Amino acid sequence: MKNLTVLIRAELEVPDSWSLAEHASGMVVLKIGDQFVDFDLAPLATSTDAPDAEWSDRNAALVDTVLDAVVDMDVELDLQASH
């Protein structure tokens, strides 16, 4: 077996009304109105090597196989006001 580390960094420009909140589960999440939003790993696949390949999660068996291999995951959210 090998270990694969996947680092995903995303920066979003969000409205001032969005905030971070501690959910009752103990997680810090994004709060948009009355909804709580967390981020997760979403594997996408394609069966072609074409430059314009369509990537999707439609192959549920393959997506499940990849997700079953996840042994640890951590999401860290940081909200900063822009000037």
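Everything discussed here concerns the structure shown above.
Residues numbered from 1 in each chain as written. Predicted model: local features only at pLDDT ≥ 70, side-chain atom pairs only at ≥ 80, totals over all residues. Heavy atoms only, no water.

Colleague: Help me out: how do you make sense of the overall build of the chain in this one?
Modeller: Summing up its helical and strand segments, the chain has 1 helix and 3 strands in all. The helix and strand sequence of the chain, counted from the amino end, reads β-β-β-α. Split into buried and exposed, the 83 residues of the chain put 8% on the buried side. Contacts spanning at least 24 positions in sequence make up 33% of the contacts within the chain whose residues lie at least 6 apart. Working note: accessible area of the chain is about 7900 Å², and carbon and sulfur atoms make up 51% of it. (Helix = DSSP H or I, 4+ residues; strand = E, 2+ residues; numbered from the N terminus. Buried < 20%, exposed > 50% of the residue type's maximum accessible area, 1.4 Å probe, protein only. Contact = heavy atoms within 4.5 Å. Areas by Shrake-Rupley, 256 points an atom, 1.4 Å probe, with all protein chains shown as cover.)

Colleague: Would you mind showing me how to read the packing of aromatic side chains here?
Modeller: Note on aromatic pairs: each is described by the distance of the centres and the angle between the planes. Scanning the entire structure with this criterion turns up 0 aromatic pairs. Here Lys31 stacks its cationic end above the ring of Phe36, 5.0 Å away from the centre of that ring. (Phe/Tyr/Trp six-rings, centres within 6.5 Å; stacked < 30°, edge-to-face > 60°. Lys NZ or Arg CZ within 6 Å of the ring centre and 35° of its normal.)

Colleague: Where do I start with the sheet that holds strand S1 (residues 19-22) in this structure?
Modeller: Remark on secondary structure: sheet strands pair via backbone hydrogen bonds, oriented parallel or antiparallel. What the 3 strands build is an open sheet, ordered S1-S2-S3; its pairing is antiparallel. This sheet does not close on itself; its edge strands, each paired only once, are S1 and strand S3 (35-37). Recorded for the sheet is a direction-independent mean angle of 45 degrees between the axes of neighbouring strands. (Pairing = 2+ DSSP bridges. Axes fitted to C-alpha atoms, helices over the stretch in contact; angles between N-to-C directions.)

Colleague: Teacher, can you tell me more about the pairing of strand S2 (residues 28-32) here?
Modeller: As paired strands, S1 and S2 are joined by 4 bridges and run antiparallel to one another. Bridge pairing links Glu22 to Val28 in S2. Here S1 folds back onto S2 in antiparallel fashion, the turn holding 5 residues, of which Gly26 has a positive phi close to 100 degrees. For S2 and S3, the ladder comprises 3 bridges, and the chain directions are antiparallel. By the bridge assignment, Lys31 is partnered in S3 with Phe36.

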